[in-house]
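So the chains spell out like this:
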Amino acid sequence: QVLLVESGGGLVQAGGSLRLSCAASGRIFSSSIMGWLRQAPGKGRVFVAAIRCSVYYSDSVNGRSTISRGNARNAVYLQMNSLKPEDTAIYYCAADGPLYSDYFADPTKYNYWGQGTQVTVSS
């Protein structure tokens, strides 16, 4: 079994920062893709960032966010700075992503999901 648990969300004023954490348990290979995706109210789930050996970011967060993995590779983090109201969403940790970077942004290519953590950015 694979279990993902997110934490670190909350209410932040525009321009503030948050660090989201995802604790993973179960059999996850170090080479597997892990990512963060988000879903705003009334919208679909969209890609934020992913990590394997390299890191990947959506255009919407590039330059403001950093994705990283813990030394034991059982956790993944998303540091978000200069937050904007449009960043408001439920943020999901995802594991066992696709092999090819062309599909990193496709939510259907990830096999495991956490329950999400709410991020709300006020203007």
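Here, the structure is the one placed above.
Quick caveat, the model's predicted, so the values are computed rather than measured.

### Focus on the environment of Asp 96
Then step 1. Structurally, the position occupied by Asp 96 is in the loop between strand 9 (89-95) and strand 10 (112-113).
Then step 2. Along the backbone, Asp 96 and Val 2 are 94 residues apart, and their C-alpha atoms lie at a distance of 9.5 Å.
Then step 3. With near-sequence residues (within four places) excluded, Asp 96 lies in contact with Ile 33, Lys 109, Tyr 110, Asn 111 and Tyr 112.

### So, the state of the cysteines
Then step 1. In this structure the tally under the stated criterion is 1 disulfide.
Then step 2. The disulfide partner of Cys 22 is Cys 93, and the gap between their sulfur atoms is 2.1 Å. An S-S torsion of about -75° defines the bridge between Cys 22 and Cys 93 as left-handed. With Cys 22 in strand 3 (residues 18-26) and Cys 93 in strand 9, this pair connects stretches of sequence that are 71 residues apart.
Then step 3. According to the relative accessible area criterion, Cys 22 is buried, its value standing at 1%.
Then step 4. Overall, Cys 93 belongs to the buried group, its relative accessible area being 0%.
Then step 5. Left unpaired, Cys 53 is separated from the closest cysteine sulfur, that of Cys 93, by 17 Å.

### Remarks on the environment of Phe 47
Then step 1. Relative to the helices and strands, Phe 47 is located in strand 5 (residues 45-51).
Then step 2. Residue classification places Phe 47 among the buried residues on the basis of a relative accessible area of 12%.
Then step 3. Residues in contact with Phe 47, not counting those within four places in the same chain, are Trp 36, Leu 37, Tyr 56, Tyr 57, Ser 58, Phe 104, Ala 105 and Tyr 110.

Parameters at a glance
Residues numbered from 1 in each chain as written. Predicted model: local features only at pLDDT ≥ 70, side-chain atom pairs only at ≥ 80, totals over all residues. Heavy atoms only, no water. Helix = DSSP H or I, 4+ residues; strand = E, 2+ residues; numbered from the N terminus. Contact = heavy atoms within 4.5 Å. Disulfide = S-S within 2.5 Å. Buried < 20%, exposed > 50% of the residue type's maximum accessible area, 1.4 Å probe, protein only.

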